[in-house]
Amino acid sequence: MDRTDLRPPARAVSGQRANRPISRRHRWAAGVLAAAVLGSAVLAGCSSGKSASSSASSAAGEAQKLASAAASAASALASAAGGIAGGVGGVIASAEAEASSAISAASSAVAGIKGGLDAKGDVSAGAVTTGSDGKPEVRLTVTNHGQQSYRYVIQVNFTDAGGKLLDATAVTVDDVAPGRSAEVVANANRSLGGTVKVEVANAVRY
């Protein structure tokens, strides 16, 4: 009998494991496990990629909705601005038509006096004030420099600070004795904004 067969079996030292070579079966199992882990990671990546794509599509849809809403709001604002501009233009046109009509009426009142004499030198205007109705008004003083009593018809123009004609009116003063004075208030036909001035455009006595 060979002496080597009588050796007692080797015992593992406490706290250590015997180093044994890894068999092919163990290597194959480790490869399968690694493949499984890698496959799971790939699937997870694909799933994550799908979710990101879906989120991006949803965000793009929301952005398109917001852009559409903004465009609608801008269109509504432009339409409203156009309506406002149109309304303002209509108001201005109406005011200008009223002024033109008033000026024509005042001028006709003076021109309608037959045989009248120029009397602008007999009329002086005071400061422009605002009446209780909110319309500009001016007090006129008429002094008869003639040798007999006269009646007067006076055209007063209301202008802005730059001289633009805004309104006009005609007033009548009855029977001013020679060398005497009389006063009359001329009122604008409507309220006028800003600085308002007046001028005696024409006056006749008869």
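Residues numbered from 1 in each chain as written. Predicted model: local features only at pLDDT ≥ 70, side-chain atom pairs only at ≥ 80, totals over all residues. Heavy atoms only, no water.

Peer 1: Would you mind going over unusual backbone geometry with me for this structure?
Peer 2: With the exception of glycine, most residues fall at negative phi, and the peptide bonds are largely trans. Of note, the phi angle at Asp175 is positive, near 45°, even though the residue is not glycine. Mapping Asp175 onto the fold places it in strand β5 (residues 165–176). (Helix = DSSP H or I, 4+ residues; strand = E, 2+ residues; numbered from the N terminus.)

Peer 1: How should I be thinking about the pattern of salt bridges in this particular structure?
Peer 2: Note that side chains of opposite charge can pair when their charged atoms are close. Scanning all chains against the criterion turns up four salt bridges. Across the pair Asp122 and Arg205 runs a salt bridge, and its minimum N-O distance is 3.1 Å. Of this pair, Asp122 sits in the loop between β1 (117–118) and β2 (123–130) while Arg205 sits in strand β7 (residues 196–205), placing them 83 residues apart in sequence. Of the two residues, Asp122 and Arg205, neither departs from the other in class, the shared state being buried. (Salt bridge = Lys/Arg side-chain N within 4 Å of Asp/Glu carboxyl O. Buried < 20%, exposed > 50% of the residue type's maximum accessible area, 1.4 Å probe, protein only.)

Peer 1: Explanation requested: the environment of Ser124 in the structure shown.
Peer 2: Looking at the element boundaries, Ser124 is found in strand β2. Of the residues examined, Ser124 reaches a relative accessible area of 38% and is grouped as partly exposed. Counting along the chain gives 17 residues from Ser124 to Thr141, while the straight-line C-alpha distance between them is 5.3 Å. With near-sequence residues (within four places) excluded, Ser124 lies in contact with Arg139, Leu140 and Thr141. (Contact = heavy atoms within 4.5 Å.)

Peer 1: Explain the sheet that holds β5 here, please?
Peer 2: Backbone-to-backbone hydrogen bonds pair the strands of a sheet. The strands run either parallel or antiparallel. Ordered in space as β1-β7-β4-β5, the four strands form an open sheet in which the pairing is antiparallel. If you trace the sheet from one side to the other, it starts and ends with β1 and β5, each paired once. Bridging between strand β4 (residues 150–160) and β7 involves nine bridges; their strand directions are antiparallel. Bridge assignment links Gln155 to a residue of β7, and that residue is Asn202. (Pairing = 2+ DSSP bridges.)

Peer 1: Quick question: what am I supposed to make of the packing of aromatic side chains here?
Peer 2: Here a ring pair, both rings aromatic, is described through the centre-centre distance and the interplanar angle of the planes. In the structure shown here, the tally under the stated rule is zero aromatic pairs. In this structure, Arg205 packs its charged tip against the face of Tyr150, placed 4.6 Å from the ring centre. (Phe/Tyr/Trp six-rings, centres within 6.5 Å; stacked < 30°, edge-to-face > 60°. Lys NZ or Arg CZ within 6 Å of the ring centre and 35° of its normal.)

Peer 1: Before we go on, may I ask you to explain the pairing of strand β3 (residues 136–143) in this structure?
Peer 2: Consecutive residues of a regular strand have side chains that alternate between opposite faces of the sheet. Residues Pro136, Val138, Leu140 and Val142 line the buried face of β3, whereas the alternating positions Glu137, Arg139, Thr141 and Thr143 sit on a face that is not buried. Pairing analysis gives six bridges linking β2 to β3, with the strands arranged antiparallel. Paired with Thr130 across the strands is Pro136, a residue of β3. Between β2 and β3, which follow one another and run antiparallel, lie five residues, and Gly134 among them has a positive phi close to 85°. Taken together, the seven bridges between β3 and strand β6 (residues 181–187) define a ladder with antiparallel strand orientation. By the bridge assignment, Arg139 is partnered in β6 with Val185.

Peer 1: Sorry if this is basic, but what is going on with the sheet that holds β2 here?
Peer 2: The strand order across the open sheet built from three strands is β2-β3-β6, with neighbouring strands paired in antiparallel fashion. Each having just a single partner strand, β2 and β6 make up the two edges of the open sheet. Sheet twist, expressed as the average angle between the axes of neighbouring strands with direction ignored, equals 20°. (Axes fitted to C-alpha atoms, helices over the stretch in contact; angles between N-to-C directions.)

Peer 1: Even after reading the chapter, I still don't get the nonpolar core, so can you show me in this structure?
Peer 2: Within soluble globular proteins, side chains that are nonpolar generally end up buried alongside one another. Of all hydrophobic cores here, the largest spans 21 residues; its most connected members are Val123, Leu140, Tyr152, Ile154, Val156 and Val173. Going through the elements one at a time, β3, β4, β5, β6 and β7 are the ones with two or more residues in this core. Looking at this core element by element, the count peaks at five residues for β4. Ile154 has contacts with Val110, Val123, Leu140, Val142, Thr169, Ala170, Val171, Val173, Val200, Asn202 and Ala203, leaving out every residue within four places of it along the chain. (Core = buried A, V, L, I, M, F, W, Y, C linked by side-chain atoms within 4.5 Å.)

Peer 1: Would you take a moment to explain the side chain of Arg205 for this structure?
Peer 2: You can call Arg205 buried: its relative accessible area is 16%. One polar contact links Arg205 to Asp122, side chain to side chain, over a distance of 3.1 Å. (Polar contact = N/O pair within 3.5 Å; in protein donor to acceptor, adjacent residues only side chain to side chain.)

Geometric values such as these leave the question of function open.
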